Amino acid sequence: MHEAGIAQSILDIAVNTAKNNSAGRITLVAVRIGKMSAVDEASLRFAFDALKAGTIAENAAFDYTEVPLRGKCLDCGAEKEFEGYFMNCPGCGSSKVSLISGSELEVSHIEVE
Ligand SMILES: [Zn+2]
């Protein structure tokens, strides 16, 4: 379950950011996770809740945003959202599609007090 490792990284980033800003408590941690990262939201939430106990993020809410897979066709220029990992352009069928978004794995912001 790689979500535990990701949750730990998210928590570390949030706690370090809060400490660098002399914040006492973290009230919200917002993350943006690309669909390509294949992260299970429920598992990530569960791991984060378990890890935050006893830290300054103990009462922090967890705001999860999934970033859809978007690609751009290098042959015809079409931009589209994709469901799967094997991307072919729906317009021309080309397999030369570059990923625009969907591989994010980041803490977008935190709220502290
Ligand atoms: Zn195309």
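A brief structural summary. Sequence order sets the numbering: in each chain, residues are counted from 1 along the sequence as written. Local features in this predicted model are restricted to residues of pLDDT 70 or higher, and side-chain atom pairs are both shown and tallied only at a pLDDT of 80 or more, whereas totals for entire chains, interfaces and linings draw on every residue. Values reported for side chains reflect all heavy atoms of the structure, with hydrogen atoms and water molecules removed beforehand.

**Notes on the coordination of the zinc ion**
Thinking step 1. Metal coordination here is assigned from N, O and S atoms located within 2.8 Å of the ion, or within 3.2 Å for Na, K and Ca; omission of water means that sites may look incomplete. Coordination of the zinc ion by the protein involves Cys73 (SG), Cys76 (SG), Cys89 (SG) and Cys92 (SG), with metal-donor separations of 2.3 Å.
Thinking step 2. Note on geometry labels: four donors, all angles 85 to 135 degrees, give tetrahedral; four donors become square planar and six octahedral when opposite donors are over 155 degrees apart and every other angle is between 65 and 115; remaining cases are irregular. Between the four donor atoms coordinating the zinc ion, the angles at the centre fall across 104 to 116°, so the site counts as tetrahedral.
Thinking step 3. Sequence positions of the residues that donate to the zinc ion give the spacing C-x2-C-x12-C-x2-C. Of this pair, Cys73 sits in strand β3 (residues 69-73) while Cys89 is found in the loop between β4 (79-82) and β5 (97-101), placing the two residues 16 residues apart along the sequence.
Thinking step 4. Categorising residues by exposure relies on relative accessible area from a 1.4 Å probe, with only protein chains included: less than 20% of the type maximum marks a residue as buried, more than 50% marks it as exposed, and the intermediate range marks it as partly exposed. Take Cys73: its relative accessible area is 3%, and that puts it in the buried class. Elements are defined by DSSP. Helices are runs of H or I of four residues or more, strands are runs of E of two residues or more, and each kind is numbered from the N terminus.

**Quick notes on the sheet that holds β4**
Thinking step 1. We call two strands paired when DSSP finds no fewer than two bridges between them. Taken together, three strands build an open sheet; the order of strands is β4-β3-β5 and the sheet is antiparallel. Strand pairing shows two members of the sheet lacking a second neighbour, β4 and β5, which therefore form its edges. Strand-to-strand twist of the sheet, defined as the mean angle between neighbouring strand axes without regard to direction, takes the value 40°. For helices, the fitted axis covers only the stretch in contact; all axes are lines through C-alpha atoms, and the angles between them, taken along N-to-C directions, range from 0 to 180 degrees.

**Here's the deal with the nonpolar core**
Thinking step 1. For our purposes a nonpolar core is just a set of buried Ala, Val, Leu, Ile, Met, Phe, Trp, Tyr and Cys residues, chained together by side-chain atoms within 4.5 Å. With 20 residues, the main nonpolar core has Ile10, Ile26, Val29, Leu44 and Phe62 as its most contacted residues.
Thinking step 2. Secondary-structure elements contributing two or more residues to this core are α1 (3-20), β1 (26-34), α2 (41-52) and β2 (61-67).
Thinking step 3. Among the elements that line this core, the one with the most residues is α1, at seven residues.
Thinking step 4. Whether two residues are in contact is decided by their heavy atoms: any pair within 4.5 Å suffices. In this structure Leu44 touches Glu3, Ile6, Ala7, Ile10, Ile33, Val39, Phe62 and Tyr64, once residues within four positions along its chain are discounted.
Thinking step 5. In this structure, Leu69, Met87, Cys89 and Val97 belong to the second largest nonpolar core, which totals six residues.

**Examining the sheet that holds β1**
Backbone hydrogen bonds are what pair the strands of a sheet, in a parallel or an antiparallel way.
Thinking step 1. Here we have three strands laid out as an open sheet, ordered β2-β1-β6, and mixed in their pairing. Because the sheet does not close on itself, it has two edges, and the strands there are β2 and β6 (105-112). Adjacent strand axes in the sheet meet at a mean angle of 15° when their direction is disregarded.
Thinking step 2. Here seven bridges tie β1 to β2, and the two strands are oriented parallel to one another. In the sheet register, Leu28 faces β2, and the bridge partner there is Ala61.
Thinking step 3. Its contacts with the sheet place α1 against β1, β2 and β6, and it is angled at close to 40° to β6.

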